[in-house]
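# Architecture at a glance
Next come the chains, spelled out residue by residue.
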Amino acid sequence: MADEVTTRDVRSAVQELMPTAKDELATLVGFRSVADPRQFPPEGCLAAANWVREAFTAAGIGSVDLVETVDGSHAVIGHQPGPPGAPTVLLYCHYDVQPPGDESKWTTEPFELTERGGRWYGRGAADCKGNIVAHLLALRALGSPFPVGIRVVAEGTEEMGTGGLEALVESRPELFQADMIVVADTGNAAVGEPTATVTLRGIANVVVHVETLAGEVHSGMFGGPAPDALAALVRLLDSLRDEAGDTVVDGLENGQQWDGVGYEEAQFRTDAGVLDGVGLVGTGAVADRVWARPALTILGIDCPPVVGSAAAIQPRASARLNLRVPPGMDPTVAQEALTRHLDAHAPWGARVTVEPESVGAPFRARTDGPGYAALAEAMAEAFGKPLGTVGQGGSIPLCNVLAEKVPGAEIVMLGVEEPRCLIHAPNESVDPSEIENLAVAEALFLRSFGS
Ligand code: BES
Ligand code: MN
């Protein structure tokens, strides 16, 4: 059958290209493309952007440009028109990465792709550079001329939430017009389990500052009545959980239920690396808690480190808070509610100020269109199993902007970021078989969607 020939040809083309893909991923991981000039020089991002531009050009995308956005980042934007009457598919990815964090927690260098136990380790190996490589593989396996119009978008500040690309979609929506948008920045439920992500939570971050004293004072001379700012912060943060551990923010609903396929508790424990004997937090099904409800995480606290701390009471302390906002909840409303909650729960009259940080909307994808159907078939073909669906607790604020500005497009979310990748953590890695299978699926999809 013609279809079988296609599948086999695509598979062997991708397999032949896998050594190249590994070299390319090594090059990409080598760019320190953390989009925060306070942490890494901007040259790392620019070099990554230029590499991505050249790679997509070499893969057959005729015009690929760097477009500067309002947050100073460079989006890589490419277009290769398809045959007359053919639909257009937009392939999304991002080339910026999370900072590596404490490098002593990495077994090998974060910016050096290293193979271990069949996985490839490095910051961004999965999120999202592995997805860039999968897009490239799919295009090369097909070869130009492509059966559909292709747009390529590689974002430069996805991990920062500074919204450069969102603003570009607003100001130049013509660059993003497509029938189908493949957002390759999520992952399968597990290695080898083809999965589309159907919902994302949004995000509403704040930094909260607490001030109580004019300056540090001796903890023996003043400890007791003196209002300890760090203790005030601890109390304040604790007001954001109830006795069961569910997130509570005054005025925000927290009893939502997930209506899709669930998330096995044992699987969740394994995926999250929860230690034996340590319980999960909150009430309701795991999927309710991680995909359908708000969740607050304390990302960082400014206070004296253990080594070097003095026996003194702290006059001020700050924390950076990350509120995940479920589908159906407005992230700006959630951020305002969080701000009001923090103001209202300050103990001892401590002075609290709340600085808003990034907000991003949650998202729910449609799964009833022809693009999704074609993709489901291609994923099943490539992985040898039917396509499943999950929610994701993470956020890709761009999805909502695309849904609004490209109203005719179907948006599908997938990628190489399965739970074992440990994205955003030390020792991030990718399973090369996920890159291969995803590239095969994407190539098969592009071919079938074009005919
Ligand atoms: N790839 C992630 C989103 C994601 C996380 C998808 C988990 C699937 C599973 C993305 O790069 C990301 O981390 N986004 C940020 C966005 C934020 C800065 C607005 C996030 O979720 O923290
Ligand atoms: Mn990502």
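Residues numbered from 1 in each chain as written. Chains lettered and ligands numbered in written order. Predicted model: local features only at pLDDT ≥ 70, side-chain atom pairs only at ≥ 80, totals over all residues. Heavy atoms only, no water.

The name that an unreviewed UniProt entry assigns to the protein chain is Dipeptidase, with the source organism given as Rhodococcus gannanensis.

## Focus: the overall build of the protein chain
The condition that has to hold: Here a helix means four or more residues in a row that DSSP labels H or I, a strand means two or more in a row labelled E, and each is numbered from the N terminus. Between the two quantities, the radius of gyration covers C-alpha atoms and the globule rule is 2.2 Å times the number of residues to the power 0.38. Under the scheme applied here, a residue whose accessible area is under 20% of the maximum for its type counts as buried, over 50% as exposed, and between as partly exposed, the area being computed with a 1.4 Å probe on protein chains only. Whether two residues are in contact is decided by their heavy atoms, any of which lying within 4.5 Å being enough. Only the protein chains shown count as cover for residues, with accessible areas throughout obtained via the Shrake-Rupley method and a probe of 1.4 Å. Here the positive residues are Lys and Arg and the negative ones are Asp and Glu; neither His nor the chain ends is included. Note on charges: their place is set at NZ of Lys, CZ of Arg, CG of Asp or CD of Glu.
Within the protein chain, the regular secondary structure consists of 12 helices and 18 strands. By the compact-globule yardstick of 22 Å for 451 residues, the protein chain fits well, its C-alpha radius of gyration being 23 Å. In terms of overall dimensions, the protein chain has a C-alpha envelope of 85 × 45 × 45 Å along the principal axes. Here the protein chain, with 451 residues, has 53% of them falling under the buried criterion. Residue pairs at least 24 apart in sequence account for 81% of intrachain contacts in the protein chain once pairs closer than 6 positions are excluded. Accessible surface, the protein chain as shown: approximately 19,200 Å² in total, 52% of it carbon and sulfur. Of the side-chain charges in the protein chain, 31 are positive and 61 negative, and the distance between the mean point of each set is 2 Å.

## Considerations on the domain arrangement of the protein chain
What counts here: Where each domain begins and ends follows an automated or database-derived domain assignment. A 1.4 Å probe defines the accessible area here, and the buried area is the portion of it lost by two parts on being joined, summed over both. Salt-bridge detection follows one rule: a side-chain nitrogen of Lys or Arg within 4 Å of a carboxyl oxygen of Asp or Glu. For this analysis, a polar contact is any N or O atom pair within 3.5 Å, provided that within protein one partner can donate a hydrogen and the other can accept it, and provided that sequence-adjacent residues contribute only side-chain to side-chain pairs.
Partitioning the protein chain into structural domains gives domain 1 (4-200 + 363-450) and domain 2 (202-256 + 293-360). Between the C-alpha centres of domain 1 and domain 2 there is a distance of 35 Å. If you look at the interface, domain 1 gives 10 residues, while domain 2 gives 6 residues. Both faces combined, the contact of domain 1 with domain 2 buries some 520 Å², and carbon together with sulfur accounts for 54% of it. Taken as a group, Leu-200, Ser-395 and Pro-397 account for 53% of the area that domain 1 buries against domain 2, more than any other trio of residues on that side. At the junction of domain 1 and domain 2, the tally comes to 0 salt bridges. Between the two partners, domain 1 and domain 2, sit 2 residue pairs in polar contact (both at pLDDT 80 or more). Of all the elements in the fold, those that place two or more residues in the side of domain 1 that touches domain 2 are strand E8 (195-200) and strand E15 (363-364).

## What to know about the coordination of the manganese ion (ligand 2)
Inclusion rule: Metal-coordinating donors are taken as N, O and S atoms lying within 2.8 Å of the metal, or within 3.2 Å when the metal is Na, K or Ca; because water is left out, some sites can appear incomplete. Four donors are marked tetrahedral only if all angles between them lie between 85 and 135 degrees, whereas four are marked square planar and six octahedral if opposite donors are more than 155 degrees apart and the other angles lie between 65 and 115; the remainder are marked irregular.
Only His-94 (NE2), Asp-127 (OD), Asp-185 (OD) and Asp-185 (OD) from the protein reach the manganese ion (ligand 2) as donors, at distances of 1.9 to 2.7 Å. For the manganese ion (ligand 2), the 6 donor atoms are set out with angles of 53 to 164° between them, so the coordination reads as irregular. In primary-sequence terms, the residues that donate to the manganese ion (ligand 2) follow H-x32-D-x57-D. Note that His-94 is positioned in strand E3 (residues 88-94) and Asp-185 in the loop between strand E7 (180-184) and E8, a separation of 91 residues in sequence. The exposure class assigned to His-94 is buried, which follows from its relative accessible area of 0%.

## Some points on the pairing of strand E13 (residues 316-325)
Inclusion rule: Strand pairing is defined by DSSP finding a minimum of two bridges between the two strands.
Of all 10 residues in E13, 8 are buried, a share of seventy percent or more. Two elements, strand E11 (residues 295-302) and E13, share 7 bridges in a ladder whose sense is antiparallel. By the bridge assignment for E13, Thr-297 is matched with Asn-322.

## Things to note about the sheet that holds strand E9 (residues 202-211)
Strand pairing in a sheet is mediated by backbone hydrogen bonds. Such pairs are either parallel or antiparallel. Keep this limit in mind: Here, axes are lines fitted to C-alpha atoms. For helices the fit covers the stretch in contact, and angles between N-to-C directions go from 0 to 180 degrees.
A sheet is described by the order of its strands in space; here 4 strands give the open sequence E11-E13-E9-E14, paired in antiparallel fashion. With one partner strand each, in any of the chains shown, E11 and strand E14 (351-360) form the two edges of the open sheet. Across the sheet, the mean angle from the axis of one strand to that of its neighbour is 20°, orientation sign disregarded. Against the sheet, helix H6 (residues 229-238) contacts E9, E11, E13 and E14, and its axis sits at roughly 15° relative to E13. Relative to E14, helix H9 (residues 331-344) is tilted by about 165°, and along the sheet it contacts E9, E11, E13 and E14.

## Brief notes about the UniProt feature "domain: Peptidase M20 dimerisation" (unreviewed entry) in the protein chain
The test is simple: UniProt positions are given in the numbering used here, feature names are shortened, and annotations may be inferred rather than shown by experiment.
In the numbering used here, UniProt assigns the "domain: Peptidase M20 dimerisation" (unreviewed entry) feature to residues 200-349. Secondary structure content for residues 200-349 is 29% helix and 22% strand, and the end C-alpha separation is 37 Å.

## Some points on helix H11 (residues 398-405)
What counts here: Think of the arc as the fan of directions from the helix axis to the C-beta atoms.
Those residues of H11 that sit buried are Leu-398, Cys-399, Val-401 and Leu-402. Here the buried residues of H11 occupy an arc of 165° about the axis, which is enough to place them on one side.

## Thoughts on the site of ligand 1
To be explicit about the condition: Whether a residue is near a molecule or strand depends on its heavy atoms: if one lies within 4 Å, it is near. Throughout this entry, Asp, Glu, Lys and Arg are counted as charged residues, while Ala, Val, Leu, Ile, Met, Phe, Trp, Tyr, Cys and Pro are counted as nonpolar. The remaining residues, Gly among them, count as polar.
Around ligand 1, a shell composed of 16 residues is seen, among which Glu-158, Asp-185, Arg-324, Glu-417 and His-424 lie nearest. In this structure, Asp-185 approaches ligand 1 through a side-chain N or O atom, which is 2.8 Å from a nitrogen atom. Note that an oxygen atom of ligand 1 is positioned 2.7 Å from one of the side-chain N or O atoms of His-424. Relative to its unbound accessible surface of 510 Å², ligand 1 loses 91% to contact with the protein. Tallied by class, residues from the shell around ligand 1 come to 3 nonpolar, 7 polar and 6 charged.

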